[in-house]
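# Inside the fold
What follows is each chain in one-letter form.
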Amino acid sequence: MRPVPRLSVVISVTFVFCLFLLFQLHVSNLFGKNPQITHQVNNLFISFASSSHHQTQNLTRFTNESDGNRAKHPEEEDTCAGRYIYMHNIPSTFNDDIIRDCRALIKWFTMCPFMVNSGLGPQISETDNKTTSYVLTSKTGSWYATNQFLLAVIFRERMKHYECLTNDSSLASAFYVPYYAGFDVSRHLWGYNTTVRDELGIKLAKWLRERPEWRKMNGRDHFFVTGRIGWDFRRGLDDDSEWGSKLMMLPEFSKMTMLSIETTAWTNEFAVPYPTYFHPKSLSEVRRWQRKVKTVTRKYLFSFVGAPRPQMDGSIRGEIIKQCLASHGRCKFLDCNKGQDCDNPVKVMEVFQRSVFCLQPRGDSYTRRSIFDSILAGCIPVFFHPGSGYNQYMWYFPKDYTKYSVYIPESGMKNGIVSLRNLLGKIDWVSIMRMRKEVVELIPKIIYTKPGLVGPEKIEDAFEIAVDRVIERVAMVKRMMETGKDLQSEYSQTRDLKKLE
């Protein structure tokens, strides 16, 4: 928007005022003998000056509204009241500088190719071949090879375009800290001592503690986002052989709310969806995709995209793969130990789109990115542990898990008493269609759209839901503080991820 020429308006008003004074010096000589004429001329100049003054006020008000401060007229309803977010302008040491050396963020591979497009990753050409055109929505430009670890970068970019972002901290209902904690810890997980792993977190804690915004609720209205699991930040001992950092054990961060792709049992952690490959730019685009996956022909009864975990005690993946390969074509197995197919978004989405049920056993941790890729494809997830979905994404999934998923206890798979083909094959078509409808309706909630969507095309996506829930949580904690209630329940290790409620 073009800047309003304030200076020229002021000069014009000043010029008129000077003319008025000069005129007054001579008016008595010219019209002194006729007071009526003198009075009429004076009124003319006063009226003109008043009009110029009002124009200046209007232009100033317009300018104030266009500078990002969201100035409001008294008679207008403030649609952001109670929803303002203040984003701390933390030193680049805590975010941009961390990802500048993108080759060192993960020991096993470089993250550099995924840093493009504000963290969405390389754009996928949807017209490369017939398979790509069939699997993805054609000619939308909304499909990207997104890496799951880039959630913090994606979230920060979305926050820059959040409609209720404010630079007036007194208006804020919550305070966002754009710290790339996940990449800070991941680059130091192997071969570094605990001092190095904890260094930046301790420095940021001190920086926040000294800010006036911190004193408002002693940090309980602050939150940050990470693309790693919660256990990476809860190292209990200062022993170099122990995993992760102690970020969430620091006094300052223990008061904050952490949003991560997987939570621990602590009640100030909340799970948000892993990023998928789909980042639409309009609601109509999402509706078009939902219609497609609701009606697509599904060749396989069930599928599994993953790899065995023979070294992991109690893993059921081996049994799942065994049953899948023996299903006589009813199951599709995409082996992530062979080739690069599991790194190919088109290959992964093709399997999920052609499957009625998608198996989601535990991997290195409780959750998997595959959960959200399969939901995006309209595939009904099959869980084997409550901590994989039901006790994680409570802001996003229905409380009644039977509406959108199938639950098979791990014990049944370990004992070999469950036949996946028989159990899933017995589910009637009416139930399948009901569950698929629920799954498809979840799609807008579990994706991260492109920044800047407003008006009728705005989508209540994973970002919007997360921000709204954080604001609700802060408001609840604030009420508890004002009434003198004990806050321990909101910042303690009391969740039971193993319990099926």
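Residues numbered from 1 in each chain as written. Predicted model: local features only at pLDDT ≥ 70, side-chain atom pairs only at ≥ 80, totals over all residues. Heavy atoms only, no water.

The protein chain appears in an unreviewed UniProt entry as Probable xyloglucan galactosyltransferase GT12 from Raphanus sativus. What UniProt states about the protein chain under its Sequence similarities (unreviewed entry) heading is, verbatim, "Belongs to the glycosyltransferase 47 family." (UniProt positions renumbered as here; feature names shortened; annotations may be inferred.)

### So, the overall build of the protein chain
The helix and strand inventory of the protein chain stands at 15 helices and eleven strands. For the protein chain, the residues scored as buried account for 51% of the 501 residues in total. A separation threshold of at least 6 residues defines the contact pool for the protein chain, and within that pool the share at least 24 residues apart is 73%. For the protein chain, the computed accessible surface area is about 24,400 Å², with 54% contributed by carbon and sulfur atoms. (Helix = DSSP H or I, 4+ residues; strand = E, 2+ residues; numbered from the N terminus. Buried < 20%, exposed > 50% of the residue type's maximum accessible area, 1.4 Å probe, protein only. Contact = heavy atoms within 4.5 Å. Areas by Shrake-Rupley, 256 points an atom, 1.4 Å probe, with all protein chains shown as cover.)

### Examining the pattern of salt bridges
Per the stated rule, a full pass over the model turns up 28 salt bridges. Residue Asp-364 pairs with Arg-309 through a salt bridge whose shortest N-O separation is 3.0 Å. Note that Asp-364 is positioned in the loop between strand S9 (355-360) and helix H11 (370-376) and Arg-309 in the loop between strand S7 (300-306) and helix H9 (317-325), a separation of 55 residues in sequence. The class of Asp-364 is exposed, set by a relative accessible area of 65%. The closest approach of N and O atoms between Glu-490 and Arg-473, which form a salt bridge, is 2.9 Å. Pair noted here: Glu-490 is in the segment after helix H15 (462-482) and Arg-473 is in helix H15, with a separation of 17 residues, a long-range link. Arg-473 carries the same exposure label as Glu-490, and that label is buried. Several salt bridges converge on common partners, so that one network encompasses Arg-83, Arg-158, Glu-163, Lys-458, Asp-461 and Glu-464. (Salt bridge = Lys/Arg side-chain N within 4 Å of Asp/Glu carboxyl O.)

### So, the packing of helix H5 (residues 151-160) against H15
It is at 11 Å that the axes of H5 and H15 come closest, and there the two elements cross at 75°. Put simply, H5 runs roughly perpendicular to H15. Residues Phe-155, Arg-158 and Met-159 of H5 form the contact with H15, whose own contacting residues are Phe-463, Glu-464, Ala-466 and Val-467. Looking at the contact of H5 with H15 residue by residue, the classes come out as five nonpolar, no polar and two charged. (Axes fitted to C-alpha atoms, helices over the stretch in contact; angles between N-to-C directions. Parallel < 35°, antiparallel > 145°, perpendicular 65-115°, else oblique. Nonpolar A, V, L, I, M, F, W, Y, C, P; charged D, E, K, R; others polar.)

### Considering the packing of helix H8 (residues 283-295) against helix H14 (residues 429-446)
It is at 10 Å that the axes of H8 and H14 come closest, and there the two elements cross at 155°. It follows that H8 is roughly antiparallel to H14 by the angle criterion. Regarding H8 and H14, the two cross each other, and that crossing is right-handed. Each of Val-286, Arg-287, Trp-289, Gln-290, Val-293 and Lys-294 in H8 lies in contact with H14, whose residues at this interface are Arg-436, Val-440, Glu-441, Ile-443 and Pro-444. Here the contact of H8 with H14 is composed, by residue class, of six nonpolar, one polar and four charged. (Left-handed = near helix turned anticlockwise from the far one by under 90°.)

### What about the environment of His-385?
Mapping His-385 onto the fold places it in the loop between strand S10 (380-383) and strand S11 (406-407). Between the C-alpha atoms of His-385 and Tyr-407, which are 22 residues apart in sequence, the distance is 7.8 Å. In contact with His-385, not counting residues within four places along its chain, are Arg-362, Tyr-366, Tyr-407, Glu-410, Leu-497 and Lys-498. In terms of polar contacts, His-385 uses its side chain to reach the backbone amide nitrogen of Gly-387, at 2.8 Å. (Polar contact = N/O pair within 3.5 Å; in protein donor to acceptor, adjacent residues only side chain to side chain.)

### Considering the sheet that holds strand S4 (residues 222-229)
Within the open sheet, the six strands sit side by side as S2-S1-S3-S4-S5-S6. Their pairing is parallel. For this open sheet the edge positions go to strand S2 (165-166) and strand S6 (269-271), each flanked by a neighbour on one side alone. With three bridges connecting them, strand S5 (residues 257-262) and S6 associate as parallel partners. By the bridge assignment for S6, Met-258 is matched with Glu-269. (Pairing = 2+ DSSP bridges.)

### Regarding the nonpolar core
Ranked by size, the top nonpolar core spans 100 residues in total, and within it Phe-155, Met-159, Leu-259, Phe-357 and Phe-397 carry the most contacts. In terms of residue count, the dominant contributor to this core is H15 (ten residues). Counting only domains with at least three residues in this core, you end up with domain 1 (85-271) and domain 2 (296-415). If sequence neighbours within four positions are ignored, Leu-259 has contacts with Phe-155, Phe-223, Phe-224, Val-225, Thr-226, Phe-270, Val-272, Trp-395, Ala-466 and Val-470. Counting residues in each nonpolar core, the second largest holds 33 residues, with Ile-90, Leu-204, Leu-247 and Met-258 among its members. (Core = buried A, V, L, I, M, F, W, Y, C linked by side-chain atoms within 4.5 Å. Domains from an automatic or database assignment.)

### Some remarks on the side chain of Thr-367
Looking at the secondary structure, you find Thr-367 in the loop between S9 and H11. On the accessibility criterion, Thr-367 (5% relative accessible area) is buried. Among the polar contacts listed, one links the side chain of Thr-367 to the side chain of Glu-262, at a separation of 2.6 Å. The residues touching Thr-367, leaving out its near neighbours within four places in the chain, are Ile-261, Glu-262, Tyr-274, Gly-387, Ser-388, Gln-392 and Tyr-393.

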